[in-house]
Amino acid sequence: MSTSQEIKPVRKAIFPVAGLGTRFLPVTKVLPKEMLPINDRPLIQHVVEEARDAGIEEFIFVTGRSKEMLEEHFDYQPELMQTLKERNKLYELDLVRSTHIPEGRFFLTRQAKPLGLGHAIWCARRLVGNEPFAVILPDELIQNDVGCLAQMVDVYNQKGGNVIAVEEVAHEEAQNYGIVDTDDDLTQKVVSVKGLVEKPAPGEQPSNLSIIGRYILQPEVFKELESLERGAGNEVQLTDNMAKLIGRQPFHGMKFKGIRHDAGRRAGFIKANVAYGLADPKIGGNVRKEILKLADKIREDEKLKGAA
Ligand code: G1P
């Protein structure tokens, strides 16, 4: 059990990226969904940057077939960099440089069968070894100056054990998420977790505090995952196996600061693009103008509909 004396630093992060991206077909027929752009960079780059800003040193991708493009994206690109240098495009050169994950810090392992998130994490067990690690689901973007994982590392450094990011959702939405059970007041920033349920049946959720795809976990969870027991949706669930650590190790839920975008769904993806575009100093003003024009058009159309 972790005590405050033995809080080991979080140096490694797992990115499960084996999913087929069926919600985005046909675009994902060839293009991995993690390469879809949110403003000027692919989804996966947003979360890799979040991890880097939180002090993560090793990036572990759990991939599947046809995901080679992800590997290319984070590789060194000498020809492109040389061309940009020759054309004196220094801003662009910097952008390309910033996508490179240095040698010895980028690891890939494959999830051969789509058996669920728990199984994907288990696939990375040997690359993580016996130390705490982070998990980031690239579908979920948290927009904030201080990234969600950096906020969690702060909490972890004080409490140790396991820390998951949580957010209150509407009661009817709880069935789509992993849900936290706690005796603590939900207005607190950090709550002590006493139970976890993956996708509870409607009306059976212990709270409306949902898991949002950011985790700091202790390596003991790999032992639990080993049985590869199926849970909700007949998948190996990370939530079920994290739940087994409760009582043996500290386990906290942290409400994060920031705007959450569910970029794994088309409407959330479009919302994320609008929000990141608005926040971009280069194009934010123009994006705002375009949105206001669209909003006027929507109002106009609704007025006409109402009059008809
Ligand atoms: C996964 C987790 C779930 C969590 C969710 C957040 O579910 O299993 O606990 O709440 O991510 O996005 P999925 O969305 O993969 O079904």
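Reading the values: the criteria
Residues numbered from 1 in each chain as written. Predicted model: local features only at pLDDT ≥ 70, side-chain atom pairs only at ≥ 80, totals over all residues. Heavy atoms only, no water. Helix = DSSP H or I, 4+ residues; strand = E, 2+ residues; numbered from the N terminus. Buried < 20%, exposed > 50% of the residue type's maximum accessible area, 1.4 Å probe, protein only. Near = heavy atom within 4 Å. Polar contact = N/O pair within 3.5 Å; in protein donor to acceptor, adjacent residues only side chain to side chain. Areas by Shrake-Rupley, 256 points an atom, 1.4 Å probe, with all protein chains shown as cover. Nonpolar A, V, L, I, M, F, W, Y, C, P; charged D, E, K, R; others polar. Axes fitted to C-alpha atoms, helices over the stretch in contact; angles between N-to-C directions. Parallel < 35°, antiparallel > 145°, perpendicular 65-115°, else oblique. Left-handed = near helix turned anticlockwise from the far one by under 90°. Contact = heavy atoms within 4.5 Å. Patch = residues over 30% accessible without salt bridge, like charges linked within 9 Å, V, L, I, M, F, W, Y side chains within 5 Å. Salt bridge = Lys/Arg side-chain N within 4 Å of Asp/Glu carboxyl O. Lys, Arg positive; Asp, Glu negative; His and termini not counted. Charge placed at Lys NZ, Arg CZ, Asp CG, Glu CD. Pairing = 2+ DSSP bridges.

As for its placement among the helices and strands, Glu300 is situated in helix H11 (residues 284-307). Glu300 sits in the partly exposed class, given a relative accessible area of 44%. Counting along the chain gives 165 residues from Glu300 to Val135, while the straight-line C-alpha distance between them is 45 Å.

A word on the site of the ligand. Near the ligand you find Leu117, Leu137, Glu140, Tyr177, Gly178, Glu198, Lys199, Ile211, Ile212, Tyr215, Gln237 and Thr239, and these make up its full shell. In the environment of the ligand, an oxygen atom lies 2.6 Å from a nitrogen or oxygen atom belonging to the side chain of Glu140. One of the side-chain N or O atoms of Glu198 is found 2.7 Å from an oxygen atom in the ligand. Considering the ligand on its own, with 380 Å² of exposed area, one finds that the protein chains cover 74% of that surface. Top element by residues in the shell around the ligand is strand S12 (residues 209-217). It accounts for three residues. Grouping the constituent residues of the shell around the ligand by class yields six nonpolar, three polar and three charged.

Looking now at the packing of helix H3 (residues 78-86) against helix H4 (residues 90-97). Across the interface, H3 lies against H4 with an axial gap of 8 Å and an inter-helix angle of 160°. By the angle class used here, H3 and H4 are roughly antiparallel. For the pair H3 and H4, the crossing hand works out as left-handed. Every residue of H4 that contacts H3 at Leu80, Met81, Leu84 and Lys85 is listed here: Glu92, Leu93, Val96 and Arg97.

Right, let's talk about a negative patch on the surface for a bit. The grouping of Glu71, Glu72, Asp75 and Glu103 at the surface amounts to a negative patch. Mapping Glu103 onto the fold places it in the loop between H4 and strand S5 (106-110).

Turning next to the pairing of strand S6 (residues 133-136). Along S6, one buried face is formed by Phe133 and Val135 and the opposite face, lined by Ala134 and Ile136, is buried too. Pairing analysis gives three bridges linking strand S1 (residues 12-16) to S6, with the strands arranged parallel. Within the sheet, the bridge partner assigned to Ala13 lies in S6 and is Ala134. Looking at chain direction, S6 and S12 are connected through four bridges and run antiparallel. By the bridge assignment, Ile136 is partnered in S12 with Arg214.

Let us look at the environment of Gly268. Considering the arrangement of structural elements, one finds Gly268 in helix H10 (residues 266-278). Measuring from C-alpha to C-alpha, the distance between Gly268 and Val27 comes to 16 Å, with 241 residues separating the pair along the chain. If we skip the residues at most four places from it in the chain, Gly268 touches His261, Asp262 and Ala263.

What follows deals with the pattern of salt bridges. Tallied over the full model, the rule gives 22 salt bridges. Here Arg248 and Glu224 are joined by a salt bridge, their closest N and O atoms 2.8 Å apart. Taken together, the positions of Arg248 in the loop between helix H9 (238-243) and strand S13 (251-255) and Glu224 in helix H8 (residues 220-225) put the pair 24 residues apart, joining distant regions of the chain. Take Arg248: its relative accessible area is 41%, and that puts it in the partly exposed class. Glu224 gets classed as buried once you look at its relative accessible area, which sits at 17%. Lys297 is the salt-bridge partner of Asp301, the closest N and O atoms lying 3.0 Å from each other.

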